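As a plain string of letters, each chain reads:
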Amino acid sequence: DVVYAPITELSKILLAMSVTILILCILLLYFVFARRLAASIKSLQSDIGNLANYDLAYTPKADYSGRRDEIGDIYRSIETLRTNLTNIVQSINNHSQNTAATAHDLTETSQNTANSSREVTMAVSNIANGATSQAQDTQSAAESITHTQNLLTNSRSLLESLIEASSTMVIK
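Conventions used here
Residues numbered from 1 in each chain as written. Predicted model: local features only at pLDDT ≥ 70, side-chain atom pairs only at ≥ 80, totals over all residues. Heavy atoms only, no water. Helix = DSSP H or I, 4+ residues; strand = E, 2+ residues; numbered from the N terminus. Rg over C-alpha atoms; globule rule 2.2 N^0.38 Å. Buried < 20%, exposed > 50% of the residue type's maximum accessible area, 1.4 Å probe, protein only. Contact = heavy atoms within 4.5 Å. Areas by Shrake-Rupley, 256 points an atom, 1.4 Å probe, with all protein chains shown as cover. Lys, Arg positive; Asp, Glu negative; His and termini not counted. Charge placed at Lys NZ, Arg CZ, Asp CG, Glu CD. Core = buried A, V, L, I, M, F, W, Y, C linked by side-chain atoms within 4.5 Å. Patch = residues over 30% accessible without salt bridge, like charges linked within 9 Å, V, L, I, M, F, W, Y side chains within 5 Å. Salt bridge = Lys/Arg side-chain N within 4 Å of Asp/Glu carboxyl O. Expected span 1.5 Å × (residues − 1).

A. Structural view of the overall build of the chain. Within the chain, the secondary structure is distributed over 2 helices and 0 strands. Relative to the 2.2 N^0.38 estimate, which gives 16 Å for 172 residues, the radius of gyration of the chain is 57 Å and therefore markedly larger than a compact globule would have. By principal-axis analysis of the C-alpha atoms, the chain measures approximately 205 × 25 × 20 Å. Every one of the 172 residues in the chain was classed for burial, and the buried ones make up 9%. If you take every contact in the chain between residues at least 6 apart in sequence, the share linking residues at least 24 apart comes to 47%. Summed over all atoms, the accessible surface of the chain reaches about 14,200 Å², with 63% contributed by carbon and sulfur. Between the averaged position of the 12 positive side-chain charges in the chain and that of its 16 negative side-chain charges there is a distance of 12 Å.

This is the structure we're talking about:
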């Protein structure tokens, strides 16, 4: 044991140094990767915040599309969502413009129909007034003809009386 004591002591020191170096390496790797991972997650959090606030025109702080890990997957999913939302908004905008144009056309057509209806009403009223006036004129003409016929009948009677009286006078 005396012979092995320095070796055992050296082994203990080496083991302690190895464990210490290993712990330091683990801590160093943790801080390097943790900071990198935290920076990626913060950047993605900012991108998601922009999406949550309906800011579809933002430019992502960093491009993680080339990464083949979960960060890259999340980044690509966020970009797909942003593109899809942008397309939906554009589609809604196009439909609303079409709806507004159609409403304008319908309003114009409605106004034209109302104007045409007023014109037809006026035309029918004028025709009715003309027909009434014509009926009154026809009634007056009929009354005038009846009166003229009565006058002619009276004149005929008078003429026949005159002819009879003149023929009686000539005979005597």
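B. Up close: the nonpolar core. Formed by Leu44, Leu51, Leu56, Tyr58, Tyr64, Ile71, Tyr75 and Ile78, the largest nonpolar core amounts to 8 residues. Every element with two or more residues in this core is listed here: α1 (5–52) and α2 (70–171). Examining the composition of this core, we find that 3 residues originate from one element, α2, more than from any other. Ignoring any residue separated from it by four or fewer positions in sequence, one finds Tyr64 in contact with Ala39, Ser40, Ser43, Leu44, Ile71, Gly72, Tyr75 and Arg76.

C. Representation of a nonpolar patch on the surface in the model. The grouping of Leu15, Val19, Ile23, Leu24, Leu27, Tyr30 and Phe31 at the surface amounts to a nonpolar patch, some 700 Å² of accessible area in total. Within the element layout of this structure, Leu27 appears in helix α1.

D. How the structure looks around α1. End to end, α1 covers 67 Å across 48 residues, agreeing with the expected 70 Å (1.5 Å per residue, within 8%). Regarding α1, the residues found buried are Ser40, Ser43, Leu44, Asp47 and Leu51. Phi turns positive one or two residues past the end of α1, at Tyr54, with a value near 60°.

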